[in-house]
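# Commentary on secondary and tertiary structure
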Amino acid sequence: MKARNSLTSKVLRHFNRFLRSFGVSKLENHIRKGVPFFLTFLLVLTAGASLCHAESYEEYFGQGNKAYAQKNYNQAISNYTLAIGLNPSKYEVYFNRGNAYLENDKLGQAIQDYSNTININPQFFSAYNNRAYAYFLQDKFQKSWEEVKKLRALGGEPDPSFLEKLTKATEN
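Now for a quick tour of the structure. (Residues numbered from 1 in each chain as written. Predicted model: local features only at pLDDT ≥ 70, side-chain atom pairs only at ≥ 80, totals over all residues. Heavy atoms only, no water.)

Moving on: the overall build of the chain. Counting its regular elements, the chain contains ten helices and zero strands. Listing each helix as α and each strand as β along the chain from the N terminus yields α-α-α-α-α-α-α-α-α-α. Looking at the chain as a whole, 35% of its 172 residues are labelled buried. Taking all contacts inside the chain whose residues are at least 6 apart in sequence as the whole, residues at least 24 apart take part in 43%. Total accessible area on the chain stands at roughly 10600 Å², and carbon and sulfur atoms take up 55% of it. (Helix = DSSP H or I, 4+ residues; strand = E, 2+ residues; numbered from the N terminus. Buried < 20%, exposed > 50% of the residue type's maximum accessible area, 1.4 Å probe, protein only. Contact = heavy atoms within 4.5 Å. Areas by Shrake-Rupley, 256 points an atom, 1.4 Å probe, with all protein chains shown as cover.)

Here's what the structure looks like:
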């Protein structure tokens, strides 16, 4: 019974929030204003059903990974963005969205997502490597080398083929 009451109170809290967006302060006020009970019941039922079927962070993240694997980078970005909206504290989703942006040649957005990844998890070596690569693609070789230095200072090592390309580009 307690679980049922907590679900009911959760639905009512969300429904009251929904009603406030239309200028009605609480469900009780909605009923007092003359809306028939069965309409209110239908609204509560619909709100509860939508809450139960709401996508979770894990679902959006998984859908983003699936879209990325299928090289559908725009869909991956959309799903990762929805996942971030539900849980902005997960570094993996920023990293993956950064990779999708990188694949779409949206280098500034990729760099921003790699920076977000690093802000959440400063020990995640791949974010430094990928941010260095994105700077490299922008012909910002000095910034790319700075990322390589940060990566090495943390005990990581950049991708050897990338490092070779960066070295050649800065020798000229």
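Moving on, we get to the packing of aromatic side chains. Following the criterion strictly, the structure yields ten aromatic pairs and no others. Between the aromatic rings of Phe61 and Tyr80, the centroid separation amounts to 5.9 Å while the plane-to-plane angle is 50 degrees, which identifies the pairing as tilted. Taken together, the residues span a long stretch of sequence, with Phe61 in helix α4 (residues 57-69) and Tyr80 in helix α5 (residues 73-86) at a distance of 19 residues. Neither residue differs from the other here; Phe61 and Tyr80 are each classed as buried. Linked through ring pairs, Tyr91, Phe95, Tyr114 and Phe124 together constitute an aromatic cluster. (Phe/Tyr/Trp six-rings, centres within 6.5 Å; stacked < 30°, edge-to-face > 60°.)

Interhelical geometry of α5 versus helix α6 (residues 91-103) gives an angle of 155 degrees and a closest axis separation of 9 Å. As summarised for this structure, α5 and α6 are arranged roughly antiparallel, according to the angle between their axes. Judged by the twist between their axes, the crossing of α5 over α6 is left-handed. The residues of α6 that touch α5, namely those facing Tyr73, Ala76, Ile77, Tyr80, Thr81, Ala83 and Ile84, are Val93, Tyr94, Asn96, Arg97, Ala100, Tyr101 and Glu103. Of the residues belonging to the contact of α5 with α6, the class tally is ten nonpolar, two polar and two charged. (Axes fitted to C-alpha atoms, helices over the stretch in contact; angles between N-to-C directions. Parallel < 35°, antiparallel > 145°, perpendicular 65-115°, else oblique. Left-handed = near helix turned anticlockwise from the far one by under 90°. Nonpolar A, V, L, I, M, F, W, Y, C, P; charged D, E, K, R; others polar.)

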